[in-house]
Amino acid sequence: MSSTAKPSPETTDRNPRDMANAIRALAMDAVQRAKSGHPGMPMGMADVATVLFQKFINIDPSRPDWPDRDRFVLSAGHGSMLLYALHHLVGYADMDIEQLKNFRQLGSRTAGHPEYGHALGIETTTGPLGQGLSTAVGMALAERMMHARFGGDLVDHYTYTIVGDGCLMEGISHEAIDLAGTLKLSKLVVLWDDNGISIDGKVDIATATDQVARFKAAGWNTWAVDGHDADAVEAAIAEARKSDKPAFIACKTIIGYGAPNRGGTAKAHGEALGDEEIALAREQLVWKSEPFELPEAVVKGWREVGIRGREARETWEKRLASSAERERFQSAVATTLPSGLAGELASFRQALSADAPKVATRKASEMALEVINRVTDMTIGGSADLTGSNNTLTKGMQSITPDDFSGRYIHYGVREHGMAAAMNGLALHGGFVPYGGTFLVFADYARGAIRLSALMGLRVVYVLTHDSIGLGEDGPTHQPIEHLAMLRATPNLLVFRPADAIETAECWEIALTERHRPSVLALTRQGLPTVRAGDVGENRSARGGYVLKEADGPRDVTIMATGSEVEIALAAAKSLAESGKQAAVLSMPCLDLFEEQDEAYRKSVLGTAPRIAIEAAARLGWDRWIGENGRFIGMTGFGASAPAPQLYEKFGITPQAVVDAALEIA
């Protein structure tokens, strides 16, 4: 019994209330020991979780990554002790009692909120409210898409998520439930902890929404039950599993159920109950076991969940072994891209070098995607209602519809945040490499989910077009200024701003081969000339920055630029040469990757001459590469509404401005 709590000498009949009380006891004891945490939600939802795991959920703790397992997402991630208690009880090997005793402590697997990759069976990182629900929508969508490709013998599972009042108040929840209802994601079951309490008090001080009516209006089937009536919860989940639409079950609960003084109050939400209240709760729950000790009958009952799941998994594995689709399915689950993709992209770069097109990098992205999407069917595209502007739809891609999930393109609607979270769910589920488009300025709206992409290390590609004042007449509301700096400041996120069609193809190749980092492709609306013709054998963007044009002799100045401003840098270097000053031009498509290069390489690229950086965006982040005596040519405020060439003149992002700066410092 080393992997579980110490058995209590008492014996207890194995009934749902005892099974649920084990969760309550572990939750309140772990939070009390940590002097930190949220006991209220685990205690309130213990009955619902017990019914779900005991009667329905299909998981195998001995094989947490079994592809056809049910997914369980704790969207109300602050109640993480519910998840950790469940994992301990059903027998995940890495969730022994010591982990629960070290809840929220440095080095433990039991972080304050569930963290993907920190412990077995955690399907996604949650805590930012609404993200779990929205990511679960992506998982449920992935299940339907994989089912369409491989059939019910290999793919037929549910996605369950527990949400709280906070999840449903967050705006992203509306985006998510609307998308799920529109697509009729019938294998998605949402269980709402309807306890009527938030941190500030009763939820009615902040919301009067009829959530059942709201979900119904969004195209869901709905139920409302007493969350402490196991039979009622079981009946509702059983019906929800038969639904032809996503299912929403409102479970009326008491936060901190069992705590006689704090139960049903905001005091139960986010602080330890205290020794006296816990002792009273034990009496009220008729729970005689000492802290972190469990009756043997309860432990045995919980372990049956894993036994049932193992049997289901072994039966599934037999179906997989005899399936004609076995190899294709396994390759899809591993998201293993075809070995020939690199060669196809190399040939594509050679063709671009020969043709030297002048195209917007958003168009160049579409051209690269034509190659990528032809070579592999694992890439799943989409856009937040900007398909024609983002150029994310390629020839032959069919749209996903409620009646046909065999396609490869998702119309997310004007839901940037929901789109980004759903893409996280697609990536986490396995089988797909998702990419989705919007304007770069609307990275603000998607920021929370982009951050989680990076935190979890997911291969998600954000196609963010209209990347500067170069988009022109739409004006300052649509012209990103600070967004590149914000994205570059995000750990584990690669931000690419390619200068031409060749660099765009290179950046796509890097984004697809980076298995543990998301990528942003910041792309132009305006046409850009090819600046890399004749030098395409090596993917030079993989170094993050490189010498595009070396000076004719010793450098007087080094000019750095990204994207559309590389053209300006080249023009400035030409003008400087005519006046007797020698300038090298560096293309810096990914500052993140450049920073990762060894010091010798960086020095060889940067040189020792004074430096100028050009980017039609905010300066923040460039000073490291400019140096103390360098210059920055870019934006110091918001943009304006006018044709792009006029805007570049107005804001002084011109070859002449670069020449003037160079003559000052060279």
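Each remark here, short or long, concerns the structure printed above.
Below is a short write-up of the structure.

**Looking at the overall build of the protein**
Okay, step 1: Tallying secondary structure elements over the protein gives 25 helices and 22 strands in all.
Okay, step 2: For 666 residues, the compact-globule estimate of 2.2 N^0.38 gives 26 Å, and the C-alpha radius of gyration of the protein, at 28 Å, lies within 12% of that figure.
Okay, step 3: Overall, the C-alpha framework of the protein stretches about 90 × 55 × 45 Å when taken along its three principal axes.
Okay, step 4: Here the protein, with 666 residues, has 62% of them falling under the buried criterion.
Okay, step 5: When contacts within the protein are restricted to residue pairs at least 6 apart in sequence, long-range pairs at least 24 apart make up 79% of them.
Okay, step 6: With an accessible surface of roughly 24400 Å², the protein has 48% of that area assigned to carbon and sulfur atoms.
Okay, step 7: Charge separation in the protein, taken as the distance between the mean sites of 67 positive and 84 negative side-chain charges, equals 2 Å.

**Some words on unusual backbone geometry**
Okay, step 1: Of note, the phi angle at lysine 184 is positive, near 55°, even though the residue is not glycine.
Okay, step 2: Its place among the elements puts lysine 184 in the loop between α7 (171-183) and β4 (188-194).
Okay, step 3: Its identity is not glycine, yet asparagine 391 carries a phi of approximately 60°, on the positive side.
Okay, step 4: Residue placement: asparagine 391 occurs in the loop between α15 (387-390) and β12 (409-411).

**Considering the environment of isoleucine 481**
Okay, step 1: Tracing the sequence through the fold places isoleucine 481 in the loop between β14 (461-465) and α18 (483-488).
Okay, step 2: Assessed through its relative accessible area of 7%, isoleucine 481 is described here as buried.
Okay, step 3: When residues no more than four places from it in sequence are discounted, the contact partners of isoleucine 481 are Ile469, Ala617, Ala618, Met635, Gly637, Phe638 and Gly639.

**Considering the sheet that holds strand β18 (residues 546-549)**
Okay, step 1: Read from one edge to the other, the open sheet built from five strands follows the order β18-β20-β19-β21-β22, with strand pairing classed as mixed. Two strands in the sheet have a free side with no partner beyond their single neighbour: β18 and β22 (631-634). Neighbour-to-neighbour, the strand axes of the sheet open up by a mean angle of 30°, direction not taken into account.
Okay, step 2: Bridge analysis of strand β19 (residues 557-561) against strand β20 (residues 583-587) gives five bridges, and the strand direction is parallel. Pairing of threonine 558 across the sheet is with alanine 584, part of β20.
Okay, step 3: On top of the sheet, helix α20 (residues 565-578) reaches β18, β19, β20 and β21 (611-615); it is set at about 160° to β19, its chief contact.

**Here we look at the packing of aromatic side chains**
Okay, step 1: All told, the structure shown has 14 aromatic pairs when counted by the stated rule.
Okay, step 2: The interplanar angle of 25° and the centroid separation of 5.8 Å between the aromatic rings of tyrosine 158 and tyrosine 160 together place this pair among those described as stacked. No difference in accessibility class separates tyrosine 158 from tyrosine 160, as the two residues are buried.
Okay, step 3: Ring plane angle 25° and centroid distance 5.7 Å describe the contact between phenylalanine 442 and tyrosine 445, whose orientation is recorded as stacked.
Okay, step 4: Its relative accessible area of 53% is what places tyrosine 445 among the exposed residues.
Okay, step 5: Pairwise contacts between aromatic rings join Trp66, Phe150, Trp316 and Phe329 into one cluster.

**A look at the packing of α20 against helix α25 (residues 655-665)**
Okay, step 1: The contact between α20 and α25 brings their axes to 8 Å, and the two run at 55°. Here α20 lies oblique to α25, going by the angle between them. As for how α20 packs across α25, the hand of that crossing is right-handed. Here Ile568, Ala571, Ala572, Ser575 and Leu576 of α20 come into contact with α25, specifically with Pro655, Val658, Val659, Ala662 and Leu663.
Okay, step 2: For the contact of α20 with α25, the class distribution of residues is nine nonpolar, one polar and no charged.

Cut-offs and rules
Residues numbered from 1 in each chain as written. Predicted model: local features only at pLDDT ≥ 70, side-chain atom pairs only at ≥ 80, totals over all residues. Heavy atoms only, no water. Helix = DSSP H or I, 4+ residues; strand = E, 2+ residues; numbered from the N terminus. Rg over C-alpha atoms; globule rule 2.2 N^0.38 Å. Buried < 20%, exposed > 50% of the residue type's maximum accessible area, 1.4 Å probe, protein only. Contact = heavy atoms within 4.5 Å. Areas by Shrake-Rupley, 256 points an atom, 1.4 Å probe, with all protein chains shown as cover. Lys, Arg positive; Asp, Glu negative; His and termini not counted. Charge placed at Lys NZ, Arg CZ, Asp CG, Glu CD. Pairing = 2+ DSSP bridges. Axes fitted to C-alpha atoms, helices over the stretch in contact; angles between N-to-C directions. Phe/Tyr/Trp six-rings, centres within 6.5 Å; stacked < 30°, edge-to-face > 60°. Parallel < 35°, antiparallel > 145°, perpendicular 65-115°, else oblique. Left-handed = near helix turned anticlockwise from the far one by under 90°. Nonpolar A, V, L, I, M, F, W, Y, C, P; charged D, E, K, R; others polar.

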